[in-house]
Amino acid sequence: MADDLFTPTIAPAAYEPKRPPWRPQSLLFPAVFGGPTAVTLLALVNAARLGLPRRAGLAVAGTGLAALVARSGITLAVFAGEANRPVRLIGALAGALVWLVVSATQKGRFRAYQLRGGDPASLWLPGIAAVLLLGGAEALLIALLAAAA
């Protein structure tokens, strides 16, 4: 006689996301090369793919916005008169700080996804697109702010 006691009531497919998430560790590369805007957008998409609560997305979005404002302010205030400003280094540091929040909020859920046998999606194409588009837009914003100041 078959006993249904050990039969799972919820199928594993119910836990699977519609699109596989990216590794939170891999988001460091767009963070360094694209700045806080690129990593913030990719992290928000990844949070939706992981099914994270809204407060995790708000923490990432708030940190990304604060990093963008801080990057702009530091670039304009501290390095105002210099022609050879380390703008790229400041952008990389701001992106890395956003990545720390992303890693803290997404690492646990991604680990659970992996333990259930999930394979991560490739970040190559979205990462390169975010670096080129959003990193370029961020650089243009900094250049326009520097020209206006």
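Residues numbered from 1 in each chain as written. Predicted model: local features only at pLDDT ≥ 70, side-chain atom pairs only at ≥ 80, totals over all residues. Heavy atoms only, no water.

### As for the packing of aromatic side chains
A complete count under the given rule lists one aromatic pair for this structure. On the basis of an interplanar angle of 35° and a centroid distance of 6.0 Å, the ring pair of Phe110 and Tyr113 is categorised as tilted. In this pair, Phe110 and Tyr113 are both assigned in helix H4 (residues 87–115), three residues apart and thus about one turn of the helix distant. Judged by relative accessible area, Phe110 falls into the buried class, the value being 3%. Owing to a relative accessible area of 6%, Tyr113 belongs among the buried residues under this scheme. Lying across the ring of Trp22, Arg49 places its NZ or CZ 4.3 Å from the centre. (Phe/Tyr/Trp six-rings, centres within 6.5 Å; stacked < 30°, edge-to-face > 60°. Helix = DSSP H or I, 4+ residues; strand = E, 2+ residues; numbered from the N terminus. Buried < 20%, exposed > 50% of the residue type's maximum accessible area, 1.4 Å probe, protein only. Lys NZ or Arg CZ within 6 Å of the ring centre and 35° of its normal.)

### Observations regarding the pattern of salt bridges
A side chain with one charge can pair with a side chain of the opposite charge if their charged atoms come near. What the rule picks out here adds up to one salt bridge. Taking the shortest distance from any N to any O, the salt bridge between Arg71 and Glu138 comes out at 2.2 Å. With Arg71 in helix H3 (residues 54–78) and Glu138 in helix H5 (residues 124–148), this residue pair connects regions lying 67 residues apart in the sequence. With respect to class, Arg71 is no different from Glu138; both count as buried. (Salt bridge = Lys/Arg side-chain N within 4 Å of Asp/Glu carboxyl O.)

### Observations regarding the side chain of Gln106
With respect to the helices and strands, the residue Gln106 is situated in helix H4. Once residues lying within four places of it in the same chain are set aside, the contact partners of Gln106 are Pro24, Leu27, Ala43, Asn46, Ala47, Leu50 and Leu52. (Contact = heavy atoms within 4.5 Å.)

### Some words on the environment of Thr63
One can find Thr63 in helix H3. Sequence separation of Thr63 and Ala94 is 31 residues, and the distance between their C-alpha atoms is 9.6 Å. Setting aside its immediate chain neighbours within four residues, Thr63 contacts Leu97, Val98 and Val101.

### Regarding the nonpolar core
A general trend in soluble globular proteins is that nonpolar side chains are found buried together. One finds Leu27, Val39, Leu42, Ala43, Val98, Val102 and Leu123 to be the most contacted residues of the largest nonpolar core, which totals 15 residues. For this core, the elements supplying multiple residues, two or more each, are helix H2 (36–50), H3 and H4. For Leu27, the contacting residues outside a window of four places in its chain are Val39, Leu42, Ala43, Asn46, Trp99, Val102, Gln106 and Leu123. Formed by six residues, the second largest nonpolar core is a distinct cluster that contains Ala47, Leu52, Phe110 and Tyr113. (Core = buried A, V, L, I, M, F, W, Y, C linked by side-chain atoms within 4.5 Å.)

### What to know about a nonpolar patch on the surface
Judged by side-chain polarity, Trp124, Ile128, Leu132 and Leu133 come together as a nonpolar surface patch covering roughly 530 Å² of accessible area. Looking at the element boundaries, Leu132 is found in helix H5. Since its relative accessible area comes to 62%, Leu132 is described here as exposed. (Patch = residues over 30% accessible without salt bridge, like charges linked within 9 Å, V, L, I, M, F, W, Y side chains within 5 Å. Areas by Shrake-Rupley, 256 points an atom, 1.4 Å probe, with all protein chains shown as cover.)

### Some words on the layout of surface pockets
By volume, the largest pocket amounts to about 230 Å³. Secondary-structure elements contributing two or more residues to the lining of the largest pocket are helix H1 (28–34) and H5. When residues of the lining of the largest pocket are assigned to their parent elements, the largest contribution, four residues, is made by H5. For the lining of the largest pocket, the residue count by class is seven nonpolar, three polar and no charged. (1 Å grid on protein atoms, 1.4 Å probe; cavity = no way out; pocket = protein on both sides within 12 Å on 5 of 7 lines; lining within 4 Å. Points joined across faces, edges and corners; volume = space filled by probe spheres on them. Nonpolar A, V, L, I, M, F, W, Y, C, P; charged D, E, K, R; others polar.)

As far as function goes, none of this settles anything; it's purely spatial.
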